[in-house]
Amino acid sequence: PTSAQVSAATQPGRFRYTLDNNLLTTEQRQFYEENGYLVIRKLVSDEDIERFRKEFIRICNKEVKPLGAMIMKDQVLRSQSVPSEKTVNKVQDFQEDEELFRYCTLPQVLKYVECFTGPNIMAMHTMLINKLPDSDTQTFRHPMHQDLHYFPFRPPERIVCSWTAMERAHRDNGCLVVLPGTHTEPLKPHGYPKGEGVNKLFHGILDLDENSPRVHVVMEKGDTVFFHPLLIHGSGVNKTSGFRKSISCHFASSECHYIDVKNTLQEDIEKETVEVARAKFSVTSLDFKDIWSFRARLVQGERINL
């Protein structure tokens, strides 16, 4: 759907998923209200994107080693002697890399984020994704999922992802795929898809209706999509010979609060995340909240709860 297809049913002043602001039009707010995502064209400059790309290459080449960053490589290519850009599919938790973290502080990004979170903004989860050519193994296809599955903080209405295309993203190179309107649904059970090889922590919704209406979000370089953490989304296979890069951050109001996920649908992701972190940092006394407190950085306003 496009913004022109929004129905007039939603009344101004009755918005659940955005806050009153002087930036978004009523049409844009209605579109997000009904669909759970909103694309802003050419929000990030070519110059900034080039700086992020160069820093990614430096990280791949081990010229810089950001504290706490997870350099995620394809399981199949890990042991092969190839240039590292061809094996690294994601740099996660780059909050201690000042060059990449500039993305989370860009004024043009934060002014939109504030429409969803309010003025006190935390950067909670950062990723630079390098989707590798993947026509055979399909290990880089991220199954359809909800990001809230990974997050032990609430409420979801005050959380938003900002995802910027670092080059043209389209169906052939595995652009984002969304199920419009699913942000109004509850969190669903997630796990590893049966019989499919996907990378670690690439969880997907179990028993998803594959016939659900979906939209391929085609984006040009610098375009940015903002979406709700309950929106069901994923990405397809990169059938090209190029590397499809994007940079993203999940932002949350610092007034959000942590929850205990034990005995909930998120119990398994808590265990897996803690296991990975304890192995990476060689510690035994790390818990889920510790991990998220380490990831979180204040980018605007006052740090209250997170």
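Residues numbered from 1 in each chain as written. Predicted model: local features only at pLDDT ≥ 70, side-chain atom pairs only at ≥ 80, totals over all residues. Heavy atoms only, no water.

Under an unreviewed UniProt entry, the protein chain has the name Phytanoyl-CoA dioxygenase, peroxisomal and belongs to Nothocercus julius. Regarding the protein chain, the relevant UniProt record gives this comment under Pathway (unreviewed entry): "Lipid metabolism; fatty acid metabolism." (UniProt positions renumbered as here; feature names shortened; annotations may be inferred.)

Student: Can you walk me through the layout of surface pockets in this structure?
Tutor: Its boundaries defined by the atoms lining it, the largest pocket holds a volume of some 650 Å³. For the largest pocket, the lining is made up of 44 residues, of which Lys 90, Gln 92, His 125, Met 127 and Tyr 150 are closest to its centre. (1 Å grid on protein atoms, 1.4 Å probe; cavity = no way out; pocket = protein on both sides within 12 Å on 5 of 7 lines; lining within 4 Å. Points joined across faces, edges and corners; volume = space filled by probe spheres on them.)

Student: Even after reading the chapter, I still don't get the packing of aromatic side chains, so can you show me in this structure?
Tutor: Working definition: an aromatic ring pair is given by the centre-to-centre distance plus the angle between the planes. In this structure the tally under the stated criterion is ten aromatic pairs. Both rings, one in Tyr 32 and one in Phe 116, keep their centres 4.7 Å apart while their planes meet at 55 degrees; by these two values the pair is tilted. Of this pair, Tyr 32 sits in helix H1 (residues 26-35) while Phe 116 sits in helix H4 (residues 107-117); the two residues are 84 residues apart in sequence, bridging distant segments of the chain. Summarising the burial analysis for this pair, Tyr 32 and Phe 116 share the class buried. Grouping aromatic residues by their ring pairs yields a cluster made of Tyr 32, Tyr 112, Phe 116 and Phe 226. Lying across the ring of Phe 281, Lys 280 places its NZ or CZ 5.5 Å from the centre. (Phe/Tyr/Trp six-rings, centres within 6.5 Å; stacked < 30°, edge-to-face > 60°. Helix = DSSP H or I, 4+ residues; strand = E, 2+ residues; numbered from the N terminus. Buried < 20%, exposed > 50% of the residue type's maximum accessible area, 1.4 Å probe, protein only. Lys NZ or Arg CZ within 6 Å of the ring centre and 35° of its normal.)

Student: What is the right way to read the environment of Asn 173 from this model?
Tutor: Inspection of the secondary structure assignment puts Asn 173 in the loop between strand E7 (159-165) and strand E8 (176-178). By relative accessible area, which is 6% here, Asn 173 ends up buried. When the C-alpha atoms of Asn 173 and Lys 245 are compared, they prove to be 9.9 Å apart, with 72 residues separating the residues in sequence. Those residues in contact with Asn 173 that sit more than four places away from it in its chain are Lys 131, Arg 168, Val 237, Asn 238, Lys 239, Thr 240 and Arg 244. At 2.8 Å, the side chain of Asn 173 and the backbone nitrogen of His 170 are in polar contact. (Contact = heavy atoms within 4.5 Å. Polar contact = N/O pair within 3.5 Å; in protein donor to acceptor, adjacent residues only side chain to side chain.)

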